[in-house]
Amino acid sequence: MIAPAMNTRPDERLPYLDLARQGARVVRSVQADDLERLAAVAPGQGTLHVEMTFSLDQHGRPWVKGWAQTRVDATCQGCLEHFERAIRAEFELCIVRNAVLASELANEADVLVADTDAVTIADVVEDELILGVPERLCSELPCPHAPALSYPAPDAPEPEAEENPFHVLSVLKR
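1. A few points about helix 4 (residues 121–132)
So, step 1. Over its 12 residues, helix 4 extends 16 Å from the first C-alpha to the last, a length consistent with the 16 Å expected when each residue adds 1.5 Å.
So, step 2. Restricting attention to buried positions, one finds in helix 4 the residues Ile121, Ala122, Val124, Val125, Glu126, Glu128 and Leu129.

2. A word on the nonpolar core
So, step 1. The biggest cluster of nonpolar side chains holds 33 residues, and the ones touching the most others in it are Leu48, Met52, Phe54, Val124, Val125 and Leu129.
So, step 2. In contact with Val125, not counting residues within four places along its chain, are Leu35, Leu48, Val50, Ala68 and Phe91.
So, step 3. Ranked by size, the runner-up nonpolar core spans 6 residues in total, among them Trp63, Val96, Leu105 and Ala109.

3. Re a nonpolar patch on the surface
So, step 1. Taken together, Phe166, Val168, Leu169 and Leu172 make up a surface patch of nonpolar side chains, about 460 Å² in accessible area.
So, step 2. Examined against the element boundaries, Leu172 turns out to sit in helix 5 (residues 167–173).

4. Here's the deal with the pattern of salt bridges
So, step 1. Following the criterion strictly, the structure yields 8 salt bridges and no others.
So, step 2. One salt bridge in this structure joins Asp18 and Arg21, with 3.3 Å as the shortest N-O distance. Note that Asp18 and Arg21 are positioned in helix 1 (residues 16–22) at a spacing of 3 residues, about one turn of the helix.
So, step 3. Between Asp127 and Arg37 there is a salt bridge; the shortest N-O distance is 2.7 Å. Of this pair, Asp127 sits in helix 4 while Arg37 is found in helix 2 (residues 36–41), placing the two residues 90 residues apart along the sequence.
So, step 4. Under the relative-accessibility criterion, Arg37 is labelled partly exposed at 45%.
So, step 5. Each of Arg37, Glu126 and Asp127 takes part in salt bridges that share partners, so that together they form one network.

5. Some words on the environment of Asp73
So, step 1. Here Asp73 is to be found in strand 5 (residues 62–75).
So, step 2. Along the primary structure Asp73 and Phe83 are separated by 10 residues, whereas in three dimensions their C-alpha atoms are 5.5 Å apart.
So, step 3. Every residue in contact with Asp73, bar those within four places of it in the chain, is listed here: Ala42, Pro43, Gln45, His82, Phe83 and Glu84.

6. Some details on the pairing of strand 5
So, step 1. Bridge count for strand 4 (residues 47–56) against strand 5 is 8 bridges, and the pairing is antiparallel. Directly across from Met52, in strand 5, lies its bridge partner Gly66.
So, step 2. Taken together, strand 4 and the strand that follows it, strand 5, pair antiparallel across an intervening segment of 5 residues, in which Gly60 is found at a positive phi of about 85 degrees.
So, step 3. Where strand 5 and strand 6 (residues 82–96) come together, 13 bridges link them in antiparallel fashion. Paired with Gln69 across the bridge in strand 6 is Arg88.
So, step 4. Where strand 5 folds back on strand 6, the antiparallel hairpin that results is connected by 6 residues, among which Leu80 adopts a positive phi of roughly 65 degrees.

7. Focus: the environment of Lys65
So, step 1. One can find Lys65 in strand 5.
So, step 2. Measuring from C-alpha to C-alpha, the distance between Lys65 and Glu51 comes to 8.3 Å, with 14 residues separating the pair along the chain.
So, step 3. Residue contacts for Lys65: discarding those within four places in its chain leaves Glu51, Met52, Thr53, Phe91 and Glu92.

8. Here's the deal with the confidence of the model for the chain
So, step 1. Looking at the chain as a whole, the pLDDT averages 80, with 78% of positions reaching at least 70.
So, step 2. Averaged over each element, pLDDT in the chain is lowest for strand 1 (residues 2–7) (48) and highest for strand 4 (94).
So, step 3. Confidence drops under a pLDDT of 50 for residues 1–5, and excluding neighbours within four residues, the segment shows 13 contacts in the predicted structure.

Cut-offs used in this document
- Residues numbered from 1 in each chain as written.
- Predicted model: local features only at pLDDT ≥ 70, side-chain atom pairs only at ≥ 80, totals over all residues.
- Heavy atoms only, no water.
- Helix = DSSP H or I, 4+ residues; strand = E, 2+ residues; numbered from the N terminus.
- Expected span 1.5 Å × (residues − 1).
- Buried < 20%, exposed > 50% of the residue type's maximum accessible area, 1.4 Å probe, protein only.
- Core = buried A, V, L, I, M, F, W, Y, C linked by side-chain atoms within 4.5 Å.
- Contact = heavy atoms within 4.5 Å.
- Patch = residues over 30% accessible without salt bridge, like charges linked within 9 Å, V, L, I, M, F, W, Y side chains within 5 Å.
- Areas by Shrake-Rupley, 256 points an atom, 1.4 Å probe, with all protein chains shown as cover.
- Salt bridge = Lys/Arg side-chain N within 4 Å of Asp/Glu carboxyl O.
- Pairing = 2+ DSSP bridges.
- pLDDT = per-residue confidence, 0-100.

Okay, structure coming up:
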């Protein structure tokens, strides 16, 4: 079963177990700024494209594998300038219903804990996209926008003896 690419909302519920049993491929487009947590880190610029393939493993556990890509407007943590960048995240997640099973599988695979029998596009891709936003967005080294890392010492006069909290120590040292 192949679902046609279509514009949808990120909260569209996808019945992952049914899709995994069918080996379904789902292609969707959503507005990037509809992913609230991603928008808080790096606001989206237009459309987020997602492709997911659902399957079952030999133990009957559902998996989702695919990719998501979009453009974001993010702040470089090195120079604090805003840059527009394309980000792409690839993922392969085992979908489980409880935290106990998730902790058992955590050493073997990336896990998505689903509270219900359906997941949303945001559930699947948002964490992966957030992790895909680079900390340093500048492409030039050294960054021409970066603030200076050293500053000259101020030309301040020495504080008076009464103002200097270490004056007593200097007297004792003599």
